[in-house]
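# An overview of the molecular structure
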Amino acid sequence: QVQLVESGGGLVQAGGSLKLSCAASGSISSIVAMYWYRRAPGKQREMVAIISSGDTTTYADSVKGRFTISRDNAKNTVYLQMNSLKPEDTAVYYCSGTLLGWGQGTQVTVSS
């Protein structure tokens, strides 16, 4: 089973940017879909971005136009570029995929 490790989170001011990485222990090229989701205190889990094995992407309305999901199959890594961050983006971000688990997550905190 492929294991995942998220990294790249941190504390940024509103309007700033962060790039998250999801490093997989094995090949992700044939996985149907990889995705990022987030969990904030008092809120339900929210899917923020999905990328298929054919590189089709889907975004939550709340992040559309600001976040970009991408993948590098040669590096077994999925990325989430986050621009124009808002305080409402504050959450723990997790990476997962079809038939996969998830890692420990990475904390993103956006100050106002």
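Before reading further, recall that the structure is shown in the block above.
So, here is what we can say about the structure in this document. (Residues numbered from 1 in each chain as written. Predicted model: local features only at pLDDT ≥ 70, side-chain atom pairs only at ≥ 80, totals over all residues. Heavy atoms only, no water.)

### Overview of the state of the cysteines
Here is the rule we go by: Count a disulfide wherever a pair of cysteine sulfur atoms falls within 2.5 Å. Each helix corresponds to a stretch of at least 4 residues labelled H or I by DSSP, and each strand to a stretch of at least 2 residues labelled E; elements are numbered beginning at the N terminus. Exposure categories follow from relative accessible area, calculated using a 1.4 Å probe and restricted to protein chains: below 20% of the type maximum is buried, above 50% is exposed, and the middle band is partly exposed.
Under the criterion given, the structure shown has 1 disulfide. Here Cys 22 is linked by a disulfide to Cys 95, with a sulfur-sulfur distance of 2.3 Å. Given an S-S torsion of about -80 degrees, the disulfide between Cys 22 and Cys 95 has left-handed geometry. One end of the pair, Cys 22, is in strand S3 (residues 18-24); the other, Cys 95, is in strand S9 (residues 91-97), with 73 residues separating them in the sequence. Cys 95 matches Cys 22 in its accessibility class, with the two residues each being buried.

### Some words on the sheet that holds strand S5 (residues 46-52)
Strand pairing in a sheet is mediated by backbone hydrogen bonds. Such pairs are either parallel or antiparallel. The criterion, for reference: A pair of strands is labelled paired if DSSP reports no fewer than 2 bridges between them. Lines fitted to the C-alpha atoms define the axes, with helices restricted to the stretch that makes contact. Angles between their N-to-C directions range from 0 to 180 degrees.
Taken in spatial order, the 6 strands line up as S2-S10-S9-S4-S5-S6 in an open sheet, and their pairing is mixed. Strands at the two margins of the open sheet, each flanked by one partner only, are strand S2 (10-13) and strand S6 (57-59). Averaged over all neighbouring strand pairs, the angle between strand axes comes to 20 degrees, with direction disregarded. Relative to strand S10 (residues 106-111), S9 is paired through 3 bridges, and the arrangement is antiparallel. Within the sheet, the bridge partner assigned to Ala 91 lies in S10 and is Val 108.

### A look at the nonpolar core
For soluble globular proteins, nonpolar side chains are generally found buried alongside one another. So the rule is basically this: The criterion is simple. A nonpolar core is a set of buried Ala, Val, Leu, Ile, Met, Phe, Trp, Tyr and Cys residues joined through side-chain atoms within 4.5 Å.
Ranked by internal contacts, the top residues of the largest apolar core, which has 30 residues, are Leu 4, Met 34, Trp 36, Ile 69, Leu 80, Met 82 and Tyr 93. Taken together, the elements giving at least two residues each to this core come down to S3, strand S4 (33-39), S5, strand S7 (67-72), strand S8 (77-82), S9 and S10. For this core, the element with the highest residue contribution is S3, accounting for 4 residues.

### Describing the side chain of Asn 76
Short version of the rule: Contacts are assigned to residue pairs with any non-hydrogen atoms lying within 4.5 Å of each other.
Looking at the secondary structure, you find Asn 76 in the loop between S7 and S8. Among all residues touching Asn 76, those that are not within four sequence positions of it are Cys 22, Ala 23, Ala 24, Gly 26, Ser 27 and Ile 28.

### Quick look at unusual backbone geometry
At Asn 76, a position not held by glycine, the phi torsion is positive, near 55 degrees. Here Asn 76 falls in the buried class, since its relative accessible area comes to 19%. A positive phi angle, near 50 degrees, is found at Ser 84, a position not held by glycine.

### Some remarks on the sheet that holds S7
One open sheet accounts for 4 strands, arranged S1-S3-S8-S7; its pairing is antiparallel. Every interior strand has two partners, whereas the edge strands, strand S1 (4-7) and S7, have only one. Taken pair by pair, the neighbouring strands of this sheet meet at an average axis angle of 15 degrees, ignoring direction. Across 4 bridges, the pairing between S1 and S3 is antiparallel. Paired with Glu 6 across the strands is Cys 22, a residue of S3.

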